[in-house]
Amino acid sequence: MGRKEIGDAMHRIEGETQRMGVLVDDLLLLARLDQGRPLEQRPVDLEALITDACADARAIDPARTIVARVTAPLMATGDEPRLRQVLANLLRNALVHTPAGTPIEVALRPEGTMAVLTVVDHGPGIRAEDASRVFERFHRADPGLSRDQGGSGLGLSIVAAVVATHGGTVSVSETT
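Notes on the structure in this doc start here. (Residues numbered from 1 in each chain as written. Predicted model: local features only at pLDDT ≥ 70, side-chain atom pairs only at ≥ 80, totals over all residues. Heavy atoms only, no water.)

As for the overall build of the protein
What counts is decided by this rule: Numbering of helices and strands runs from the N terminus; a helix is a DSSP stretch of H or I covering at least four residues, while a strand is a stretch of E covering at least two. The classification of residues rests on relative accessible area computed with a 1.4 Å probe and restricted to protein chains. Under 20% of the type maximum is buried, over 50% is exposed, and intermediate values are partly exposed. Working rule for contacts: check all heavy atoms of both residues, and any pair within 4.5 Å makes them a contact.
Summing up its helical and strand segments, the protein has six helices and five strands in all. In the protein, the succession of α and β elements from N to C terminus is α-β-α-β-β-α-β-β-α-α-α. Within the span of the protein, comprising 176 residues, buried residues form 30% of the whole. Pairs at least 24 apart in sequence give 68% of the contacts found in the protein among residues at least 6 apart.

Rendered as structure tokens:
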């Protein structure tokens, strides 16, 4: 085996190792949440989280329109890194599962004592049978995507678990 082949093999091994590390971290997080272990509880600026998440998504797909709509600055008590993960997972899901160029909107508004976060993509939508299972662990609505493209099927289950731990709910609905 020549230097180039060895370098290519090492690069592939490194990529697989990173993917496995992320998978293990995701599974550990879900196990901790299943056990009822508390998350960090500190003041979190939700507007800043949304602004950062939209900027990150634009960096991943600069050609796509990604708009943040915040009606009022909102603070919440919670685990900032986990809430950032929720937003990252929702936006990654929208980026991966909609056609290139499909606009995405992230909205934040107060509703009583709660904050309502909405991620809207204007893609083709999701089949009804998948919509009812989209937050289940390892469910993949598009099994034709490779793990590199479509992930492990844990992203939205992490969203649901983290949101529930923060006293919230998560759902999927058709774009109007």
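Notes on the sheet that holds strand 5 (residues 114-121)
In a beta sheet, neighbouring strands are held together by backbone hydrogen bonds and run either parallel or antiparallel to one another. Short version of the rule: Following DSSP output, two strands are said to pair if at least two bridges run between them. Axes here refer to lines fitted to C-alpha atoms; in helices the fit is confined to the stretch in contact. Angles between the N-to-C directions go from 0 to 180 degrees.
Taken together, three strands build an open sheet; the order of strands is 2-4-5 and the sheet is mixed. Whereas interior strands pair on both sides, the edge strands pair on one side only; in this sheet they are strand 2 (66-70) and strand 5. Averaged over all pairs of adjacent strands, the angle between their axes in this sheet comes to 15°, without regard to strand direction. By the bridge criterion, five bridges tie strand 2 to strand 4 (residues 104-111) in an arrangement that is parallel. Note on strand 4: the bridge partner recorded for alanine 68 is valine 106. Against the sheet, helix 2 (residues 46-60) contacts strand 2, strand 4 and strand 5, and its axis sits at roughly 175° relative to strand 2.

Overview of the pattern of salt bridges
Here is the rule we go by: We count a salt bridge whenever a side-chain nitrogen from Lys or Arg sits within 4 Å of a carboxyl oxygen from Asp or Glu.
Inspection of every chain in the model, using the stated rule, returns six salt bridges. A salt bridge links arginine 69 to glutamate 105; its shortest N-O distance comes to 3.4 Å. Linking arginine 69 in strand 2 with glutamate 105 in strand 4, this pair joins segments that are 36 residues apart in sequence. The partner of glutamate 80 in a salt bridge is arginine 84, with the nearest N and O atoms 3.1 Å apart. Here glutamate 80 pairs with arginine 84, and both are found in helix 3 (residues 80-96), just four residues apart, close to one helical turn. Since its relative accessible area comes to 29%, glutamate 80 is described here as partly exposed. Judged by its relative accessible area of 30%, arginine 84 is partly exposed. Bridged by salt links that share partners, the residues Asp52, Glu80 and Arg84 form one connected network.

The analysis is restricted to geometry; functional conclusions fall outside its scope.
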